[in-house]
Amino acid sequence: VIQDWRYYREALTADQIKQLSFNSADGAGNILRSCKMPAEGSDTAWKDINGHDCAWYQETKKTVPTICSTPEINHNCPIACQYASPCWMGRDVVAPSTYTIWNRVMYLSEESKGSGLVCVRDGVDAVAECRKFKENPSSFPAIPGAQDWLRFSQNPDVFVGDIALDDCDVLERHINPYCSFAAPWTQKINTEIRASGSYTIAFWWKTLEGTQIPASLASYKEPETIQRIIFFSKMAPLEVLAEVVLNNDRRVNLIMYGSCDVSHVENVEIDGGSPGHYENGKWYHTVITYGGVNEAGKRGIWSFDGSTGGFDFADFGWCRDKSMDFIQGMQLPGGVFMSPLEVTAAAIDPRKIQKNYYDKAPGFRVRRGPVIDDKTRMTEPILYERTQFPYAMSLVSPPILLQTRVGKSHVCNNNLGSAYQNKIWADTTNGVTCQLPYECDQDLLNTSTALMACSTSSTPSEFFGQTPLDLGGTLQFYEFLQSITDAPILVRNGVPQDTASFIDSQTRSITVAMVTFAPEYGLASTISITATLSTEVSVDFAVGHFQSLEGDQLENYKWVSYIGFILAVIIMLEKVVTIAHKDVRAEINGFMVDFIIQVFLPIVYFAIRLNQIVNSKASILETVGTEGLAGVPWASRSVTLGSKVGQFFDGLEKFEAKLSNERLMSTFYFVHATAALFRLIFQTSAHPRTAILVNTMIQAAGDLWHFVILFLVLNFGFVALGIAQFASEREEFSTPLRSFETLWEMLLGSMIESGDIPSSTWSYNA
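Residues numbered from 1 in each chain as written. Predicted model: local features only at pLDDT ≥ 70, side-chain atom pairs only at ≥ 80, totals over all residues. Heavy atoms only, no water.

S.K.: Can you walk me through the overall build of the protein chain in this structure?
M.R.: A tally of regular secondary structure across the protein chain gives 19 helices and 25 strands. Compactness check: the protein chain gives a C-alpha radius of gyration of 42 Å against a globular reference of 27 Å for 766 residues, more than 25% above the reference. Summarising its shape, the C-alpha atoms of the protein chain cover approximately 130 × 75 × 65 Å along the three principal directions. Here the protein chain holds 766 residues, and 39% of them are scored as buried. A fraction of 68% describes how many contacts in the protein chain between residues 6 or more apart in sequence connect residues 24 or more apart. About 44900 Å² of surface is accessible on the protein chain, with carbon and sulfur atoms providing 57% of the total. Where the 60 positive side-chain charges of the protein chain centre and where its 83 negative ones centre are 4 Å apart. (Helix = DSSP H or I, 4+ residues; strand = E, 2+ residues; numbered from the N terminus. Rg over C-alpha atoms; globule rule 2.2 N^0.38 Å. Buried < 20%, exposed > 50% of the residue type's maximum accessible area, 1.4 Å probe, protein only. Contact = heavy atoms within 4.5 Å. Areas by Shrake-Rupley, 256 points an atom, 1.4 Å probe, with all protein chains shown as cover. Lys, Arg positive; Asp, Glu negative; His and termini not counted. Charge placed at Lys NZ, Arg CZ, Asp CG, Glu CD.)

S.K.: Quick question: what am I supposed to make of the side chain of Thr526 here?
M.R.: In this structure, Thr526 sits in strand 24 (residues 523–533). A relative accessible area of 6% means that Thr526 is categorised as buried. Setting aside anything within four residues of it in sequence, one finds Thr526 in contact with Met514, Val515, Ala542, Val543, Gly544, Phe655, Glu656 and Leu659.

S.K.: What should I look at first to understand the packing of aromatic side chains in this one?
M.R.: The geometry of an aromatic ring pair is captured by two quantities: the separation of the ring centres and the angle between the planes. Counting across every chain of the model gives 41 aromatic pairs. Judged by centre distance (4.9 Å) and plane angle (80 degrees), the ring pair of Tyr199 and Phe326 falls under edge-to-face. Taken together, the positions of Tyr199 in strand 4 (residues 199–207) and Phe326 in the loop between strand 11 (308–313) and strand 12 (329–332) put the pair 127 residues apart, joining distant regions of the chain. Exposure class is identical for Tyr199 and Phe326. Each is buried. Ring centres 5.5 Å apart and planes at 85 degrees place the aromatic pair Phe480 and Trp634 in the edge-to-face group. In this pair, Phe480 sits in strand 20 (residues 474–480) while Trp634 sits in the loop between helix 15 (616–623) and helix 16 (641–683), placing the two residues 154 residues apart along the sequence. Residue Phe480 is classed as buried on the basis of its relative accessible area, which comes to 11%. On the accessibility criterion, Trp634 (23% relative accessible area) is partly exposed. Sitting above the plane of the Phe463 ring, Arg405 keeps its charged end 3.8 Å from the centroid. (Phe/Tyr/Trp six-rings, centres within 6.5 Å; stacked < 30°, edge-to-face > 60°. Lys NZ or Arg CZ within 6 Å of the ring centre and 35° of its normal.)

S.K.: I'm lost on the nonpolar core in this one. Help?
M.R.: Note on soluble globular proteins: their nonpolar side chains tend to be buried together. Grouped together as the largest cluster of nonpolar side chains are 46 residues, with contacts concentrated most on Trp102, Ile201, Phe231, Phe326, Ile327 and Met330. The residues contacting Trp102, other than those within four sequence positions of it, are Leu108, Cys119, Cys179, Ser180, Phe181, Met330, Leu332, Met338, Ser339, Pro340 and Leu341. (Core = buried A, V, L, I, M, F, W, Y, C linked by side-chain atoms within 4.5 Å.)

S.K.: Just checking my understanding: could you explain the pattern of salt bridges for this structure?
M.R.: Side chains that differ in charge, positive against negative, can pair when their charged atoms come close. Scanning the entire structure with this criterion turns up 23 salt bridges. Asp374 is paired through a salt bridge with Arg104; the nearest N and O atoms lie 2.1 Å apart. A residue pair is termed long-range when its members are at least 10 positions apart, and Asp374 in helix 9 (residues 374–379) and Arg104 in the loop between strand 1 (98–101) and strand 2 (106–108) qualify at 270 residues. Judged by its relative accessible area of 7%, Asp374 is buried. (Salt bridge = Lys/Arg side-chain N within 4 Å of Asp/Glu carboxyl O.)

S.K.: Any chance you could explain the state of the cysteines here in plain terms?
M.R.: Covalently bonding the sulfur atom of one cysteine to the sulfur atom of another cysteine gives a disulfide. Taken as a whole and assessed by the stated rule, the structure comprises 7 disulfides. Shown here is the disulfide that connects Cys260 with Cys319, its sulfur atoms set 1.9 Å apart. Negative torsions about the S-S bond denote left-handed disulfides, and the value of about 100 degrees found for Cys260 with Cys319 makes this one right-handed. In this pair, Cys260 is assigned in the loop between strand 7 (251–257) and strand 8 (265–270) and Cys319 in the loop between strand 11 and strand 12, connecting sequence segments 59 residues apart. You can call Cys260 partly exposed: its relative accessible area is 30%. (Disulfide = S-S within 2.5 Å.)

S.K.: Help me out: how do you make sense of unusual backbone geometry in this one?
M.R.: Negative phi values dominate among residues other than glycine, just as trans dominates among peptide bonds. In this structure, Pro237 follows Ala236 across a cis peptide bond, with omega equal to -10 degrees. Structurally, Pro237 is set in the loop between strand 5 (229–235) and strand 6 (238–247). Unusually for a residue other than glycine, Phe464 sits at a positive phi of about 55 degrees. Its place among the elements puts Phe464 in the loop between strand 18 (454–455) and strand 19 (469–471). Even without being glycine, Asn493 reaches a positive phi, approximately 55 degrees.

S.K.: How should a nonpolar patch on the surface be read in this particular structure?
M.R.: Residues Trp705, Phe707, Val708, Ile709, Leu712 and Val713 make up a contiguous nonpolar surface patch of about 610 Å² in total accessible area. Position of Val713 among the secondary structure elements: in helix 18 (residues 701–726). Among the residues examined, Val713 registers a relative accessible area of 52% and is labelled exposed. (Patch = residues over 30% accessible without salt bridge, like charges linked within 9 Å, V, L, I, M, F, W, Y side chains within 5 Å.)

S.K.: What is the right way to look at the packing of helix 17 (residues 688–699) against helix 18 in this model?
M.R.: Two packed helices can be described by the angle between their axes and the distance between those axes. For the pair helix 17 and helix 18, the least separation of the axes is 4 Å and the interaxial angle reads 50 degrees. Taken together, the axis directions place helix 17 and helix 18 in an arrangement best described as oblique. Of the residues in helix 18, those touching helix 17 at Met697, Ile698 and Gln699 are Ala701, Gly702 and Leu704. When the residues that make up the contact of helix 17 with helix 18 are grouped by side-chain class, the tally is 4 nonpolar, 2 polar and no charged. (Axes fitted to C-alpha atoms, helices over the stretch in contact; angles between N-to-C directions. Parallel < 35°, antiparallel > 145°, perpendicular 65-115°, else oblique. Nonpolar A, V, L, I, M, F, W, Y, C, P; charged D, E, K, R; others polar.)

These values are about where atoms sit, not about what they do.
Take a look at the structure:
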């Protein structure tokens, strides 16, 4: 839209163009510009007839977009109502540098109520400097401008609670080493401030239960009220930078001291209304600005409490040399939580200050702060709480969740399913669900599978911020069990993930894998609990053991193995001598069977098993012990999570290989024992009476085989009938295997579980 078209015969200067852009008016004298300059259009301290301020309108607008419905509201709360957009100030605007004091919310504690504390920059020995100054004041340079604390700022008649910082012994008692701060920028920033002629300090604070906030300036005479906040550029001799006085009749009283001339002192107050405004347990945002401008373009100092600001004229520069500190120490109140202090080498305009407050206030409202102060945290140990009953075993590593899953697709196995799924998504995104006053996220609006989806047959390339791992020939995604169960949000690859969505309709199976070790028995075990998800959920578990045999038990096993070898050799000699005195051709088949079952297989079994048992200690040490799973440095911060997980799965794979060998040896033993049993049965035919039974079984083998065939045919028929009649209603007949298991249990006399109503029971009496 073009509202004022002008043509000039000559080229305009930059100042003329700027004047036209910002101050052009219509015939009635109304400014045509609708955007706002940085110092213009900030929210006021206005309240509506219900007592609602601009902060209330900003918060309510999130759920009721039309709440700013009148010109009065938009005029007084343009930032909260997003009414006036800022003017474009050009591409080459360089953002000023911002530095921080502390990197976390601090719990500022004090020795006694109202005594306060002093925090000093790292590397500064304030007490030693104080004593040097006391011994030889003339050796210290003159204090610049109006920053002389003792001459211009300290007021014992009002602020009787101020710490006597010029008393070196008192200073030493009040310095809290646990709130010291690293500030390598504190000299560099002076150069930037001299260039901009301004600076800003912003922080959040909250008083704890029992902390007394002064009702007025006069209340600072009361000994148990909180100390005022004072920033010092130098601790000895004391050079004051700014003072922030918090009280309930004026809210914030700010005094700022210049470094160029002794007359460069200015103060500003914010009228907070009725006393008792500040509340314990509630976060407040305080900002002080030196060298800012107001809507009239006048330089001065700003003080903000939340979205409410106060301004006073002050036109003086900044003359501290780059070799001097900007902030070297602070006097602070105790019984207070304080956020990191943000120090900016320029004056932040009021609009940005208010917007920052509106953006961060919701997060601070739910922020509880630390439970204990740094002194307690760093000096007092936390007693490890343990059970009075000693554990027989322990977890070797954190329980791991393994998931197999398939990808999402908007194309289903049938056209009806695809059409229905797409219709549901279209109806949702185009309907009232995603229209004001409601709002849908971009993922739902742009992805047709975000609401509901069909499944592909392949594993996705990424899920929950992780790529799949090939474990046992199957692609699986891993996560820590405790992370999923205890945390509502996990951050993976910088993206927050909702743990409630770890299992969804694309999950095919979920396994909890645990590895334990029982020191008393040298027994390492794996426990796997697997849930398979399809049209129903079935849960199963598997337990595997591997034991280390040492000491007397190992020696006993060796002797048993040696005896087994000796018996096998004796049996072999007996068989050789026996066949040598008989017809070899007639007896060779029986000889070979006896040799394999009674000689060869026992020797192979004892040889392999003895080697496994002898090396069992080394195997556990390599897989589960300190060289394996127990050696994963989970607590180390220098080792990446990927390296830890890789080492864990390498150890787990080796341990599973050992367990697989154990299962193979169990199968070997079972097959050999079964063969030896049948061989023993046939050998009993040497006795005439038992020979009758053995020969009867041999002669009846053909008839028994035909009976087995008929039995299988009948059972297959009953399985098919059960599926045809009950598969759509009863889970017990839903598949051929389950139908067979149900019929087999009923054949043995068991009844499946039934409900309490006649329509879901197998039989009932009328």
